[in-house]
Amino acid sequence: MQKRFLHADQTLFRDVDVFEIDHVPDLFDYREKQLDELAFQIRPALRGGRSLNAVCRGLPGTGKTTSVLRIFTELEQATKKVLPVYVNCQNDRTKYMVYSRIYAKIFGHAPPRTGLSIRSVMDAIGDALQKREISLLVCLDDANLLQYNSTLNDVLNSLLRLHQDYPGVRAGVFAIVSDMDLDLGRELDAWVVSVFRPTMIYFPIYDADEIRGILRERVRVGLYPNVVSPEMLNRIVEQTMETGDVRVGIDLVKRSVMYAEAAGRTAVLKEDVMAAYEQAKHVHLAFTIRSLSAGERRLLRRIAELSREQTEPLTSGAVYAEVKGTLKIGYTAFFKRLCKLDSLRLVTLIRVQSGGRSSEIMLRYEAEKVVEVCG
Ligand SMILES: Nc1ncnc2c1ncn2[C@@H]1O[C@H](COP(=O)(O)OP(=O)(O)O)[C@@H](O)[C@H]1O
Ligand SMILES: [Mg+2]
């Protein structure tokens, strides 16, 4: 008999969708405090006022997006008086695009492609909010991507001052940032800060027990019983902690099970987890790179190219000498960018001279892969 390659009839997945990256889980533990705080900001809007502003801050994979989406879903079910609009700044990077997103949410379709000025879009939004007496709440996810465009000032300022042009209109903003070093108070213009005054809501990284809890729940919902033993789950958690990113863990479970399936087994073995990790670890890389600004991405790419070319360790001084011409930035700004890449666990910075400015830079992924993902 010929070997069969597809075993379409046997699957270990009860529901493969729970391993998709945009799946919003039914059970969402460990974020009660943050959800409470988000809900608290919205309370004034529920009573006819405007929502307080907030900044959600935390490394990638700490549940920021999911938390806001959950609150928004609940809000939509509870009231028509507040209109939550979710804007993903990875896709919508200009003021016009942000307002188009709000327009689409209000009118059910995007503004006509030709001819609507930003003014007309804002007029239509302002009018509708006035007439319908609804309070607007905009989430700018990955808002730091607007910052580097210096668009964030403009977007925040115009949203928070909508009432000046359209009396009675109330708008609040939740900004999500994964950039732990971004000091919004310093980066934003003073006149924006004076109206924004956000509540800071912090999302700490998950520890191993929390990651285990999250993955155990996905396994319970998404797989048939006994496919992942407690021992294998521990191994998966251990591997996940190397990146600290729960998304790697979710992907790792899915891929491990696919390997087991392909081998015709009904349970995941250590070798499946090992093989799956080689792929799953890149989930962290891909997501993190997507949330970088163009300048940061260029720096990372250059670091990857340089570490491919040479065997001795890279130093910050040498890299700076390489990039200052093309990136056109001073050393301090350059070093800040490096620190950001370090805090995102893309590179590791090792101080060599104490007190000195020189550090060694170690790429945390294969240079080849980084160049490829940076594009
Ligand atoms: N507390 C949690 N319980 C269950 N799943 C979670 C939890 N936190 C995060 N996740 C899952 O991890 C992934 C990343 O979460 P996300 O909200 O996108 O993080 P962030 O926006 O901080 O990068 C998503 O697939 C999400 O469903
Ligand atoms: Mg997010």
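Residues numbered from 1 in each chain as written. Chains lettered and ligands numbered in written order. Predicted model: local features only at pLDDT ≥ 70, side-chain atom pairs only at ≥ 80, totals over all residues. Heavy atoms only, no water.

Q: Please explain the pairing of strand β4 (residues 171–177) as it appears in this structure.
A: On a regular strand, one side chain projects to one face of the sheet and the next to the other, so that they alternate. Within β4, seven of the seven residues are buried, leaving the element largely enclosed by the surrounding structure. Of the two faces of β4, both are covered, the one formed by Ala171, Val173, Ala175 and Val177 as well as the one formed by Gly172, Phe174 and Ile176. As defined by bridge partners, strand β1 (residues 54–57) adjoins β4 across four bridges and the pair is classed as parallel. Note on β4: the bridge partner recorded for Val55 is Ala175. Summarising the sheet, strand β3 (residues 135–141) and β4 pair through five bridges and their orientation is parallel. Each residue of the ladder has a partner; that of Cys139, found in β4, is Phe174. (Buried < 20%, exposed > 50% of the residue type's maximum accessible area, 1.4 Å probe, protein only. Helix = DSSP H or I, 4+ residues; strand = E, 2+ residues; numbered from the N terminus. Pairing = 2+ DSSP bridges.)

Q: What is the right way to read the packing of helix α14 (residues 294–309) against helix α15 (residues 316–327) from this model?
A: Two measures define how a pair of helices packs: the angle their axes make with one another and the distance between the axes. Two elements in contact, α14 and α15, have axes whose closest approach is 11 Å; the angle formed by their N-to-C orientations is 140°. Judged on the interaxial angle alone, α15 and α14 are oblique. For α14 against α15, the interelement crossing comes out right-handed. Of the residues in α15, those touching α14 at Gly295, Arg298, Leu299, Arg302, Ile303 and Leu306 are Val319, Glu322, Val323 and Leu327. When the residues that make up the contact of α14 with α15 are grouped by side-chain class, the tally is six nonpolar, one polar and three charged. (Axes fitted to C-alpha atoms, helices over the stretch in contact; angles between N-to-C directions. Parallel < 35°, antiparallel > 145°, perpendicular 65-115°, else oblique. Left-handed = near helix turned anticlockwise from the far one by under 90°. Contact = heavy atoms within 4.5 Å. Nonpolar A, V, L, I, M, F, W, Y, C, P; charged D, E, K, R; others polar.)

Q: What am I meant to see in the sheet that holds strand β2 (residues 82–88) here?
A: Either a parallel or an antiparallel arrangement is found when strands of a sheet pair, and the pairing is made through backbone hydrogen bonds. Ordered in space as β2-β3-β4-β1-β5, the five strands form an open sheet in which the pairing is parallel. Each edge of the open sheet carries a strand with a single partner, namely β2 and β5 (199–202). Averaged over neighbouring strand pairs, the angle between their axes works out to 15° when direction is ignored. With respect to the sheet, helix α2 (residues 64–78) is in contact with β1, β2, β3 and β4, its orientation differing from that of β2 by roughly 155°.

These results come straight from atomic positions and should not be treated as a statement about function.
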